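Working through the structure, step by step
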Number of protein chains: 2
Amino acid sequence: MNAYNPQDKVLLAVDCIIFGFDNEDLKVLFVKRDFEPEKGNWSLIGGFLKKEETLNDAANRILHNLTGVNDIYMEQFYTWSNIDRDPVERTISTSYYAIINIQEYNEKLTEHHNAKWFSLTEAPHLIFDHNEMLAKATRRLRRRTSISPIGFGLLPEKFTMRQLQKLYESILDKKLDKRNFVNKIKSMDILIKLNEKDMTSSTKGSYLYIFDQEKYDAKQTNDFYLKL
Amino acid sequence: MNAYNPQDKVLLAVDCIIFGFDNEDLKVLFVKRDFEPEKGNWSLIGGFLKKEETLNDAANRILHNLTGVNDIYMEQFYTWSNIDRDPVERTISTSYYAIINIQEYNEKLTEHHNAKWFSLTEAPHLIFDHNEMLAKATRRLRRRTSISPIGFGLLPEKFTMRQLQKLYESILDKKLDKRNFVNKIKSMDILIKLNEKDMTSSTKGSYLYIFDQEKYDAKQTNDFYLKL
DNA sequence: TTTACAAGTGTATTTTTTACATTTAGTAAA
DNA sequence: TTTACTAAATGTAAAAAATACACTTGTAAA
């Protein structure tokens, strides 16, 4: 026996908006729900919070189960509590968005046949309030991206300026000027230019870069506030 | 009987960080906890989520009980889930920050003898993870204030430019230039200058302004992105 | 009438952001 | 071997935004 009232306990779920990037478009991952209600409809990847874990643990567990990867960038952003959001039973859901590297991930994706990437612009109708979650996650991702270099997690380890620019363009959903973009990124001073070229996109080839984690960590502030 | 597992139900609380402004400093409201554990220690104002309400409802209920006021600016910002954050029982807490007008509020505050305003800089040790909540709320308030005119809710209906500037200075925790501040605020074009002066602070008196809700609503964007 | 005090106000400078076009390197085809 | 093609690489001038900065005004009290 304790001081609190057990009457008001509720189920707590975690839903993850998983963003990826295929060098062309920003993508989001959904799964086909395989139980009632709404069986067969598209849904975010989610699960229930267990007694012995935190919300972050739960989100990590869900992402790990799906991808096999453990160190995924992830951020909690809102908790949804409409009374009837889940018709089965009162369920509160905390949503996280995550950023993953499609290339690394795809091996395991092929095993999970119910999961599918969608272009952000072509997202299907989702169950419950998941479309709302997606919208809010997208806004949050946009904001974060403009002030913090989290986007790099969406690219392969080595990438070209062009890939990076396309990534920013698809996250921010607008065209950017090539020269201004390069200048701005260079002024951030957190990339290492390799002596190595990517030859797939042109005969001339374009230099590859990697993210300089040390330099980034060394900077006082974690936010760059670069406005693109 | 339903599809979900009742095992993992948890208690869900709501904690509110209530900001006020007394024309000098940014203030936060805490209450002295009147039950064990941690009886007698300072705490955020909070309560448990009830079955028939949303988290927003719960936050509004808590704020209403405390202040008697209903249309308080309020925003959910994070859900805390460390296993042992509450020693009595596993409790998840969603925190909201709220912005209230001290003047309006003070009538009812006198009734509630356990509540007390603290300057942000002099916040006491709080129970559980409430200091962390406060820190996060403060960061969020700062960000919001720089891009959105939510701060006006902290002032009396009629206010002087000087009061407004002091408010921004105490939220952002830095000195601002008087002329630049006035110019920037005027460029937002959401204030109405009254033909009326506040005579309390100088012999000359300073003009009073009110917030122009209509003009504000009419603007396309809700965010001004004024950087101060 | 002088003093004291905060209110009110504008401009020049610096910094940041934006707009914009040509040359270069390499490959493949003639 | 020359030519044509494609994407990569690069810098500067103009515009906009942010900052720094000081004197005049109005009123009440001495």
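Parameters at a glance
Residues numbered from 1 in each chain as written. Chains lettered and ligands numbered in written order. Predicted model: local features only at pLDDT ≥ 70, side-chain atom pairs only at ≥ 80, totals over all residues. Heavy atoms only, no water. Pairing = 2+ DSSP bridges. Helix = DSSP H or I, 4+ residues; strand = E, 2+ residues; numbered from the N terminus. Least-squares fit on C-alpha atoms with pLDDT ≥ 70 in both. Contact = heavy atoms within 4.5 Å. Near = heavy atom within 4 Å. Polar contact = N/O pair within 3.5 Å; in protein donor to acceptor, adjacent residues only side chain to side chain. Nonpolar A, V, L, I, M, F, W, Y, C, P; charged D, E, K, R; others polar. Phe/Tyr/Trp six-rings, centres within 6.5 Å; stacked < 30°, edge-to-face > 60°. Buried < 20%, exposed > 50% of the residue type's maximum accessible area, 1.4 Å probe, protein only. Buried area = accessible area lost by both parts, 1.4 Å probe. Salt bridge = Lys/Arg side-chain N within 4 Å of Asp/Glu carboxyl O. Axes fitted to C-alpha atoms, helices over the stretch in contact; angles between N-to-C directions. Parallel < 35°, antiparallel > 145°, perpendicular 65-115°, else oblique.

Per an unreviewed UniProt entry, chain A is named NUDIX domain-containing protein, and its organism is Winogradskyella poriferorum.

Brief notes about the sheet that holds strand β9 (residues 191-198) of chain B
Residues and elements named next belong to chain B. Here three strands make up an open sheet; going across it, the order is β8-β10-β9 and the pairing antiparallel. The sheet is open, and its two borders are formed by β8 (159-160) and β9, each paired with just one other strand. With two bridges joining them, β8 and strand β10 (residues 206-211) adopt antiparallel strand pairing. From the neighbouring strand, T160 faces β10, where its bridge partner is L208.

Observations concerning the relation of the copies chain A and chain B
Between chain A and chain B, the superposition needs a rotation of 180° and an axial shift of 0.0 Å, giving an RMSD of 0.1 Å. Here the transformation between the copies is reduced to the relation of a two-fold axis. Looking at chain A, 100% of its interface residues are interface residues in chain B too, so the copies touch through the same face.

What about the sheet that holds strand β9 (residues 191-198) of chain A?
Residues and elements named next belong to chain A. In spatial order, the strands read β8-β10-β9; together these three strands make up an open sheet with antiparallel pairing. Every other strand in the sheet has two partners, leaving β8 (159-160) and β9 as the edge strands with one partner each. When β9 meets strand β10 (residues 206-211), the two strands line up antiparallel, connected through five bridges. Note that in β10 the partner of L191 across the bridge is F211.

As for the protein's contact with DNA strand D
The environment of DNA strand D is formed by 19 residues, the closest being R179 and Y207 of chain A together with N180, T203 and K204 of chain B. By atom count, sugar and phosphate contribute 37% of the portion of DNA strand D lying within 4 Å of the protein. Here a base oxygen of DNA strand D sits 2.9 Å away from a polar atom, N or O, in the side chain of K204 of chain B. At five residues, helix α5 (residues 178-188) of chain A tops the list of elements feeding residues into the surface near DNA strand D.

Describing the protein's contact with DNA strand C
Neighbouring DNA strand C are 19 residues, the closest being N180, T203 and K204 of chain A together with R179 and Y207 of chain B. Here the atoms of DNA strand C within 4 Å of the protein split so that 40% fall in sugar or phosphate, with bases taking the remainder. Residue T203 of chain A places a side-chain N or O atom 3.0 Å away from a base nitrogen belonging to DNA strand C. At the level of elements, α5 of chain A together with α5 (178-188) and β10 of chain B are the ones that each hand at least two residues to the surface near DNA strand C. When residues in the surface near DNA strand C are grouped by element, the largest group, five residues, is from α5 of chain B. Within the surface near DNA strand C, the residues separate by chemical class into one nonpolar, nine polar and nine charged.

Here's the deal with the packing of aromatic side chains
Residues and elements named next belong to chain A. Across all of its chains, the model carries 22 aromatic pairs over all chains by this definition. Measuring from centroid to centroid gives 4.8 Å for Y78 and W80, while their planes differ by 70°, and the two rings are edge-to-face. Between F211 and Y216, the aromatic rings sit 5.6 Å apart at their centres with planes inclined by 50°, giving tilted as the arrangement. Here F211 falls in the partly exposed class, since its relative accessible area comes to 21%.

Examining the interface of chain A and chain B
Counting residues at the interface gives 41 residues for chain A and 41 residues for chain B. Buried area between chain A and chain B, summed over both chains or domains, comes out near 3,600 Å², and the portion from carbon and sulfur atoms is 52%. In this assembly, chain A and chain B are joined by two salt bridges. Between K9 of chain B and E89 of chain A there is a salt bridge, with its nearest N and O atoms 2.9 Å apart. For the side of chain A that touches chain B, the secondary structure elements donating two or more residues are β1 (11-21), α1 (55-67), β5 (73-80), β6 (91-99) and α3 (130-147) of chain A. Residue contributions to the side of chain A that touches chain B peak at four residues, all from α3 of chain A. A per-class count over the side of chain A that touches chain B returns 16 nonpolar, 11 polar and 14 charged.

Things to note about the packing of helix α4 (residues 161-172) of chain A against α5 of chain A
Residues and elements named next belong to chain A. Running from N to C, α4 and α5 cross one another at 100°; their axes reach a closest spacing of 11 Å. It follows from the interaxial angle that α4 and α5 lie roughly perpendicular. Facing M161, R162, L164, Q165 and Y168 of α4, the residues of α5 in contact are K178, F181, V182 and I185. A class-by-class count of the residues in the contact of α4 with α5 yields six nonpolar, one polar and two charged.

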